[in-house]
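Architecture at a glance
One letter stands for each residue in the lines below.
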Amino acid sequence: MNAVNQFFWVTCINVINGYDPSDASREEATMTSEATVTAAEIARIAGVGPAAVSNWRRRYAEFPTPVGGTAASPQFSLSEVVDWLKAHGRPVRLSPADEVWRAMEALRDPGRPGGILAAVGFRLLGEKPPQYLGRIGAAVTLPRELGADVDVLGDRLGAAEAFEVLLSRWVEAHARQVEVTPAPVAALMCALVGSVDDTAAPSVLDPACGTGSLLLQAAENGTAVLLGQENDPELAEITAVRLRLHGHDNVSVAAGDSLLRDVHSAARVQSVVCNLPFGQRDWGRSELGYDTRWTYGLPPKGESELAWAQHALAHLDDGGRAVLLMPAGAASRASGRRIRAELVRRGTLRAVVALPSGSTSTHTQGTHLWLAQPGDESAPHHVLFVDAELLTVPTPESRTGGTDWEVVRAAVSSAWRKFRVGAAVDPAFSSTVPVTELLGDDVDLTPARHVRPDPADTVDLPQVKEYRARWLQTLATLTDALPTVREAPPTGPQTLVSLDDLIRSGVLRMWRGSASREAPDEMAAQVPLVSLSDGLSRTPPIRQTYATEAERIREGDVLVFAGTSQGARPADQREHGAAAGQGVTVLRPERASLDPWFLAGALTGGPGLERSGTGSGSSSRPSRLDPGRLFLPVRELEEQRRIGRVFRDIARFNESLDQAVDRGRRAARSLADALASGLVDPINDDRQS
C-alpha cells in the first residue's frame, strides 16, 4: 500500500487497520502529523531543478502554500504537492524508500528525532524496540501500515541496505545536529589503526560514536569486539541496530557522556577511533579537575579536544593506538601548548596528518588526524607529518583539483608504514621531524609548517621537455583544423521550425535530467549519472543512479547544459548508456529526419539562438530551456548532414584549442618550476626584457 497516501494522519491509519484509536498509545498519537516536504524535496520528487519549483510558486496561484518551516526554508504538505503535480501533468517519482521516509517524517517527534529511525531498525531486525528507547520511557510503536511497508522495503533492498538508505535521508534532514564521518575518512582512520601488515585490531572503542560510521568500518575491516558510547541515547540505539543489521553482534554501545560518565571505564582496547566533539566549552572541567586520565595535564576550558585525546589514550592497552579526527586549530592554539609538548616529549603523539580541504563538510577550518599511543621512551624521537592537501593538485586529465581518496589512503598508509619501520618517507608530501625541533615556544604541530617539498624533488626535467613538445604538436594541428567555407549564394528568407513543433511531430524527443534516485521499479537499472559539471568539463561520470532504458543517453542524443543552447553537443561515447543529471537536457532526434550534429550546431548560434533569447528582463543569466523559443532552419536531410559535418569539425577545433591552452599553461608552469628550482638556466639571446 502506498505509504504517501496512507500515513498522513494516525486516525486514517487506525481506520484502515481496523482498530480503535483509543487503544493506541498516547505517545504514538502525539507523534503523528501530516508529512511535509521542502522545495528541494519537491524538485526531487518531480524530477526537476530547484529553480523550477521557485518558478511554479511564482506562476501558479494554486500552488500549495507553505504549512511550516521558515521564509527561507518553507515546508509544504506532501499530499497537496502530489495532488498539484498530478493535476498539472507533472511526473511524481517516489521510490519505495521515498514513501517509507515520508511516512517516517509524518510521525516524527521534534523531541525524539531519532526514535522512529531506531524503531524502523528494530523492525528490520525482526524485533520489538526496547522500552528504554529514546529520551522518554515508552518505546516507539510503528503504525501497522508503516511496519508493512518497511518489511517490503527490507525484502526489496535487504535489511541492512534499506536501513542505510533511510539513515542517509535522516542524516540529510538533521545535518546541522548530527556529525557523520564521511566514508573515505572513516576508511583511512580504520586503516591506520591496523598493524604493519594491515591486520585489523582485535578490539576498538569509539567514545563518541554518533551513527556508528567508524565502528561499522572497523567491523568491516575485521575487528571482532566493538565498543561505543554516545551522549544521545537515540543515536546509541541507531548505532547498535545498524551494526547488528550488518551482521556484527559482538557490540556494546551505551548511552551517556564519555567524559563525565564513562560506561567503558574498565575496558582496555587495542584501538580507539573517534571523530571527537569539536569546540565544547562545557565539557565537565570543573567536575573532572582531579581525574586520573589527565596524565599529560589538565586541559584548559577551551581545549576540550585535548580532554578527549587523553580519554582515548586512557583506554588503550599496551601496544594500542588511537586515531583521532581533530580540528586544525588544536595543533597550534596557545592554550594547548603545554599538553601538546608533553604528548610529543613522551613519544605519545606519533603522527599528524592534514586531511584535504573539504574532507568533512561541517569543519570548514580544516581537520587533522592525530595518531597516538601510550608513551614509549624507547620509541624513535621523531614525529611523522603528512600534508594530504598536497595530494589533491590538478592532474593533466583534470582541469580542477579534487580528492582521489584511493590515492590519499594509499599515500598516507604507506608513509605511516614506512615511518613505523624506520624507512624514509616521500618528501613530496611528508616528513619526519625530531622531537627536539618541535619543543619550541609554540609547539606548532600543523603539518604544513613541517612538510616543505624541495622544488628540485618535484620537478621532472624530461617531463618539462615532454610538456613543451606536446604543446608544440597540438599547436601545429590547429593551423589546418578550422574548416574552410565559402559565401553561400543569395536566397530568400530562411524557413524556421521551432523545437516545440519538432517535438509535437515526433521528429524530436526532449527530457530534462534529474537528481540521483533509487530504483522506481523493476524496469530500472543502475547506470552512471552525467552531472552538469561532468558534462561541461567532459569528464567521465562518477556517480550512479537508476534509470529505465528510455531514459538512458544513446548515440546521437544531443546534450544541452544549464538551460542554454550555447554549448549543445552530441553525447560523447563514454556518456552512452548513462542518465542525465540535474541541469542537463537531452534532445533525441529521429535520425531519419534530423541530423544530430546539425541540430547541435544550429542551436549554438544563428537563428535558433537569436530567436530564443537568454533570459527575461535585463539579466544575462540563461533561463530554462524553452523549446517554443528555439528555432532551426529547415533543410533536407542530406543538406543537414553536409552542414553537420562542418559543425562537427568546428567543435573538434574548439576542443583542440582548449587542449592547446591547457598544454601551453602546463608547459609554462613546469618551466617556471624548473627555473625556480635551479634545474635549468635561460639561454641568452638578443630579445629585450
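Throughout, residues of each chain are indexed from 1 in the direction in which the sequence is written. Where local features are concerned, this predicted model is filtered to residues with pLDDT of at least 70; where side-chain atom pairs are given and counted, the filter is 80 or more; whole-chain, interface and lining totals use all residues. Calculated side-chain values reflect all of the structure's heavy atoms, with hydrogen atoms and water omitted.

**Focus: the side chain of H264**
Going along the chain from the N terminus, every DSSP run of H or I of four or more residues is numbered as a helix, and every run of E of two or more is numbered as a strand. Mapped onto the fold, H264 is located in the loop between β6 (251–255) and β7 (269–275). In this structure H264 touches L205, L227, G228, Q229, S252, A254 and H315, once residues within four positions along its chain are discounted. It only takes one pair of heavy atoms within 4.5 Å for two residues to be counted as in contact.

**Points about helix α13 (residues 233–245)**
An α-helical segment advances 3.6 residues per turn. Residues three or four places apart therefore align on the same side. Over its 13 residues, α13 runs 18 Å from end to end, which matches the ideal 18 Å to within 8%, given 1.5 Å per residue. Of all 13 residues that make up α13, 11 are buried, and the element is covered over most of its length. Looking only at α13, the buried set comprises E234, L235, A236, E237, I238, T239, A240, V241, R242, L243 and L245. Contact partners of the buried residues in α13: α8 (115–125), α10 (159–173), α12 (213–221), β5 (225–230) and β6. Counting of polar contacts relies on pairs of N or O atoms within 3.5 Å, with two restrictions inside protein: one atom must be capable of donating a hydrogen and the other of accepting it, and residues adjacent in sequence are counted only when both atoms are side-chain atoms. Regarding α13, its N-cap is D232, as a side-chain oxygen of that residue lies 2.9 Å from the backbone nitrogen of E234 further along. At the C-terminal side of α13, G247 shows a positive phi close to 90 degrees. Working rule for helices: expected span equals 1.5 Å times residues minus one. Only protein chains enter the area calculation, which uses a 1.4 Å probe; residues under 20% of their type maximum are buried, those over 50% are exposed, and those in between are partly exposed.

**Notes on the pattern of salt bridges**
Pairs can form between side chains of opposite charge whenever their charged atoms are close. Salt bridges are defined by distance alone: a side-chain nitrogen of Lys or Arg within 4 Å of a carboxyl oxygen of Asp or Glu. In this structure the tally under the stated criterion is 22 salt bridges. Ionic pairing is found between D572 and R569, a salt bridge with its closest N-O pair at 3.6 Å. With respect to burial, D572 and R569 carry one shared label: buried. Taken together, the shared-partner salt bridges in this structure form one network comprising R538, R569, D572, E575 and E655.

**Some thoughts on unusual backbone geometry**
Comment: phi is negative for the bulk of residues other than glycine, and the bulk of peptide bonds are trans. One non-glycine residue with positive phi stands out, namely V443, at about 45 degrees. With respect to the helices and strands, V443 occurs in the loop between α17 (435–438) and α18 (447–450). When its relative accessible area of 1% is taken as the criterion, V443 is described as buried.

**Regarding the environment of V193**
Inspection of the secondary structure assignment puts V193 in the loop between α11 (183–192) and β4 (203–206). A relative accessible area of 10% means that V193 is categorised as buried. On a C-alpha basis, the gap between V193 and A218 in space is 9.3 Å, while along the polypeptide they are 25 residues apart. If near-sequence neighbours (up to four positions away) are discounted, V193 is found in contact with A201, S271, V272, V273, R321 and V323.

**What to know about the sheet that holds strand β11 (residues 382–387)**
One bridge is not enough; two strands pair if DSSP finds at least two bridges between them. Taken in spatial order, the 9 strands line up as β6-β5-β4-β7-β8-β10-β9-β11-β12 in an open sheet, and their pairing is mixed. Edge positions in the sheet fall to β6 and β12 (430–434), since each of these pairs with one other strand and no more. With direction set aside, neighbouring strand axes in the sheet form an average angle of 15 degrees. With respect to the sheet, helix α14 (residues 304–314) is in contact with β7, β8 (316–327) and β10 (367–372), its orientation differing from that of β8 by roughly 160 degrees. Convention adopted: a line fitted to C-alpha atoms gives each axis, helices being fitted over their contacting stretch, and angles between N-to-C directions are expressed from 0 to 180 degrees.

**A look at the confidence of the model for the protein chain**
What pLDDT reports is the predictor's confidence in each residue, on a scale of 0 through 100. For the protein chain, mean pLDDT is 82; residues scoring 70 or higher make up 85% of the total. Note on residues 1–33: pLDDT is under 50 here. Beyond four places in sequence and across chains, it has 61 contacts. Scored below 50 in pLDDT, residues 395–401 shows 9 contacts in the model against residues more than four places distant or in partner chains.

**Some thoughts on the state of the cysteines**
Note that a disulfide, as used here, is simply two cysteine sulfur atoms within 2.5 Å. Evaluated as defined, the whole model comprises 0 disulfides. The thiol sulfur of C274 is not disulfide-bonded, and the nearest other cysteine sulfur, from C209, lies at 8.7 Å.

**Quick look at the nonpolar core**
Grouping buried Ala, Val, Leu, Ile, Met, Phe, Trp, Tyr and Cys residues that are joined through side-chain atoms within 4.5 Å yields what is termed a nonpolar core. By size, the foremost hydrophobic cluster in this structure holds 41 residues, and its most contacted members are V272, L324, L349, W370, F385 and L445. Of all the secondary-structure elements, those providing two or more residues to this core are β7, α14, β8, α15 (337–345), β9 (349–354), β10, β11 and α17. The leading source of residues in this core is α14, at 6 residues. Counting residues in hydrophobic clusters, the runner-up holds 39 residues, among them A240, L325, A351 and L391.

**Quick word on the pairing of β5**
With 5 of 6 residues buried, β5 is to be regarded as a mostly interior element. The pairing of β4 with β5 spans 4 bridges and is parallel. The residue of β5 that forms the bridge with L205 is L227. Relative to β6, β5 runs parallel, the two sharing 5 bridges. By the bridge assignment, G228 is partnered in β6 with V253. The handedness rule is simple: strands pointing away from the viewer, and a clockwise path from the first strand over the helix to the second, make the crossover right-handed. You can see the chain leave β5, run along α13 and come back into β6, and the turn it takes is right-handed.

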